[in-house]
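# Architecture at a glance
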Amino acid sequence: MSDHASASAPLPHSASGAPFAASSVPSPGVPHQAAAGPGEQRLVLVVEDEPTIADAVAARLRAEGFATAVATDGPSAVALAERQRPDIVVLDVMLPGLDGLEVCRRIHNVHPAVPVLMLTARDDETDLLVGLAVGADDYMTKPFSMRELVARVHVLLRRMERAQAAARREAPETVRLAGLSVDRTQRRVHLDGAEIHLTPTEFDLLMCLATRPRAVLSREQLLAEVWDWVDASGTRTVDSHIKALRRKLGAEWIRTVHGVGYALETPGDLGTGPAGTAGSAGSGVVP
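A short tour of the structure in this document, coming up. Position labels on residues start from 1 in each chain and follow its written sequence. Given that the model is predicted, a residue must reach a pLDDT of at least 70 before its local features are reported, and side-chain atom pairs must reach 80 or more before they are shown or counted; all residues, however, enter totals for whole chains, interfaces and linings. Computation of side-chain values covers all heavy atoms of the structure but excludes hydrogens and water.

### Re the nonpolar core
Take the buried residues of types Ala, Val, Leu, Ile, Met, Phe, Trp, Tyr and Cys, join any two whose side-chain atoms come within 4.5 Å, and each joined set is a nonpolar core. Remark: exposure states derive from per-residue accessible area (1.4 Å probe, protein chains only) relative to the maximum for the residue type, with buried under 20%, exposed over 50%, and partly exposed in between. Among the nonpolar cores identified, the biggest contains 29 residues, and Leu180, Val182, Leu205, Leu206, Leu222, Trp253 and Leu264 are the most heavily contacted of them. Helix and strand definitions follow DSSP, with helices as H or I runs of at least four residues and strands as E runs of at least two, each counted in order from the N terminus. Every element with two or more residues in this core is listed here: strand 8 (174-177), strand 9 (180-183), strand 10 (188-191), helix 6 (200-210), helix 7 (219-227), helix 8 (235-249) and strand 14 (261-264). In terms of residue count, the dominant contributor to this core is helix 6 (seven residues). Counting residues in hydrophobic clusters, the runner-up holds 28 residues, among them Val78, Ile107, Met118 and Leu128.

Structure representation (structure tokens):
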């Protein structure tokens, strides 16, 4: 049985029209907490206009212990996300009413930290980079494995939990590299005094590179530390997020070591002489 929601419905409803039990989704008007406690269910908002796919994804997630809500168009998804505060959103790109990119923008305007896993029927790099720019944390191309989808949902939630735990226990710490400032506690990035808005995944990737400036980190190492993946199946995801970071910071900040991985360097480091020396002297971790 699937969970479908509309913007006007007080609770997500089943295909038969009967409202779901309160255990399936949080009650409207009661904010859903980002970090579930022991025994609490995480709420996944599935946004998909194809009923067969929506039903299958929601059923599999419920079998894995998640609470689910399903929206079948863009406006319903935005309204339901604002009302129910999901822990994570599984979002199709092609939707009626509003497309997935606009839905992602609007959800993050209200809940900027919620992870978004985008589903797309097109394996097109330009579309992917646009999706990442509006705040998507990961993507999957149809057709996809249900097992992999569930695994990626778990990974995104674990990363969010780790980030929240680190912010609670870490002393305020800022990494500075020349004109770049990365504040771990506030999760804010400034370049030459101007704030750069990053998605949660982009921030985690930049923090991973910035804490080891000039060190070359392999794609597999970045997958393990940022995405919590232990195999190399997602190296294209790393490459896509690196490209998104370069678009926001400037291509000169991240050096590619072909066949190996990436390194964060000041623009001066890429040259020779005094510029490189000055860049080397201007970096550090500031408590």
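### Quick notes on the pairing of strand 6 (residues 116-120)
The side chains of a regular strand alternate, first on one face of the sheet and then on the other. Most of strand 6 is tucked away: five of the five residues are buried. Alternating positions in strand 6 separate into two faces, Val116, Met118 and Thr120 on one and Leu117 and Leu119 on the other, with burial throughout. For two strands to be treated as a pair, DSSP must find no fewer than two bridges joining them. As paired elements, strand 5 (residues 88-92) and strand 6 share four bridges and run parallel to each other. Pairing of leucine 91 across the sheet is with methionine 118, part of strand 6. By convention, orient the strands away from the viewer: a clockwise path from the first strand over the helix to the second makes the crossover right-handed. The parallel pair strand 5 and strand 6, bridged by helix 3 (residues 100-110), forms a crossover whose chirality is right-handed. Where strand 6 meets strand 7 (residues 138-141), four bridges bridge the pair, whose relative direction is parallel. Residue pairing across strands places leucine 119 opposite methionine 140, the latter belonging to strand 7.

### Regarding the pattern of salt bridges
The rule for a salt bridge is simple: a side-chain nitrogen of Lys or Arg has to be within 4 Å of a carboxyl oxygen of Asp or Glu. Applying the stated rule across the entire model yields 17 salt bridges. In this structure, aspartate 204 and arginine 187 form a salt bridge, with 2.9 Å as the shortest nitrogen-oxygen distance. Taken together, the residues aspartate 204 in helix 6 and arginine 187 in the loop between strand 9 and strand 10 connect sequence positions 17 residues apart. Note that arginine 219 and aspartate 239 form a salt bridge whose closest N and O atoms lie 2.7 Å from each other. Of the two residues, arginine 219 sits in helix 7 while aspartate 239 sits in helix 8, which places them 20 residues apart along the sequence.

### Describing the sheet that holds strand 5
With respect to topology, five strands assemble into an open sheet ordered 4-3-5-6-7, the strand pairing being parallel. Every other strand in the sheet has two partners, leaving strand 4 (67-71) and strand 7 as the edge strands with one partner each. In this sheet, adjacent strand axes meet at a mean angle of 20° when their direction is disregarded. In this structure, strand 3 (residues 43-47) lies alongside strand 5, joined through four bridges in parallel fashion. Bridged to leucine 45 within strand 5 is valine 89. Every axis corresponds to a line fitted to the C-alpha atoms, with the helix fit spanning only the stretch in contact, and the corresponding angles, defined between N-to-C directions, vary from 0 to 180 degrees.

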